[in-house]
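# Close look at the chain arrangement
Listed below, chain by chain, are the residues.
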Amino acid sequence: MDDYHFARARSTVKKSLNIKKVLMSFLPLFVLALLLPFLLALIVSPTNIGFLTRADETTEITIWTNPANVIVDSGVPVELEILAQYDGDQLIPEVNLSLSSASGAVLSQTEIEYSTPFKGRAVLGKVTVGGLAPGKTTIEIPEGSVQINYLNLPLTVKTNGTNIIVRN
C-alpha cells in the first residue's frame, strides 16, 4: 500500500494588522507617559493644593449668650456665659461688646472686654442677670456694639441673645 502525505505550503498572504486594536492595547502606556512628568513635578516640588481657597475662608464670627432660653422663678438670678466662635486662619486679638436688656432686667456688667487672642470657641465672660419681674425679657448683644480690634480682615458679626421667661 502506498502511503501518501500531502504537504501544504503556508499561506504567503499576510494578515492585515488592525491598527485600532493595537493602539487601544497601548493606550494605558500612552496615558502614563503623558501624566508621568506632571506627577514627578508634584513630587519634586509640591505646592499647596487644597479644596479651600481664599474665597471659601470663614470671615464670620458668631457671638452668643448661653443658655439661649431660660425659665426661672421670680427673684432668682440667672448666670449667662458669653461665647464666641471663629474658625478662620488668623487669631482674633481682642473683642469688646455691650449687652442690652429689655424689661428692666439688671445686668452685673454691660460691657465685656476680652483681650486674649483666640480662634475656635472662647468664653468671653459671664454675666449675672437679676431684678427680673414676672413675664418675658431678652438679653441681647447688638451687632453694632461688637468691636474687634487690631484685625485687618473684614468680618461678618452674628449675634444671638437669651430669652428669659420669669414665672410668678
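A brief structural summary. Here the residue numbers are simple positions, counted from 1 along each chain's written sequence. Totals for whole chains, interfaces and linings use all residues, but because this is a predicted model, local features are given only for residues with pLDDT of at least 70 and pairs of side-chain atoms are given and counted only at 80 or more. The side-chain quantities take in all heavy atoms of the structure and omit both hydrogens and water.

## Re the sheet that holds strand 6 (residues 106–107)
Rules: Being paired, for any two strands, means DSSP has found at least two bridges between them. Segments assigned H or I by DSSP are reported as helices when at least four residues long, segments assigned E as strands when at least two residues long, and all are numbered from the N terminus.
In space, the 5 strands of this open sheet follow the order 6-8-3-1-11, with mixed pairing throughout. At either margin of the open sheet sits one strand with a lone partner, and together these are strand 6 and strand 11 (156–160). Sheet topology note: the strand 6/strand 8 (residues 120–130) ladder contains 2 bridges and is antiparallel. Note on strand 8: the bridge partner recorded for Leu107 is Val129.

## Overview of the pairing of strand 9 (residues 135–140)
The pairing of strand 5 (residues 100–101) with strand 9 spans 2 bridges and is antiparallel. Bridge assignment links Ser100 to a residue of strand 9, and that residue is Glu140. Both strand 9 and strand 12 (residues 162–167) contribute to a ladder of 5 bridges, which runs antiparallel. Bridging from a neighbouring strand, Lys136 pairs with Ile165 of strand 12.

## Section: the sheet that holds strand 4 (residues 94–98)
For clarity, the cut-off: Each axis is a line fitted through C-alpha atoms, and for a helix only the stretch in contact is used; angles between axes span 0 to 180 degrees, taken between their N-to-C directions.
Strand order in the open sheet formed by 3 strands is 7-4-10, and the pairing between neighbours is antiparallel. Strand pairing shows two members of the sheet lacking a second neighbour, strand 7 (111–114) and strand 10 (147–149), which therefore form its edges. Each strand axis lies, on average, 15° off the axis of its neighbour in the sheet, ignoring direction.

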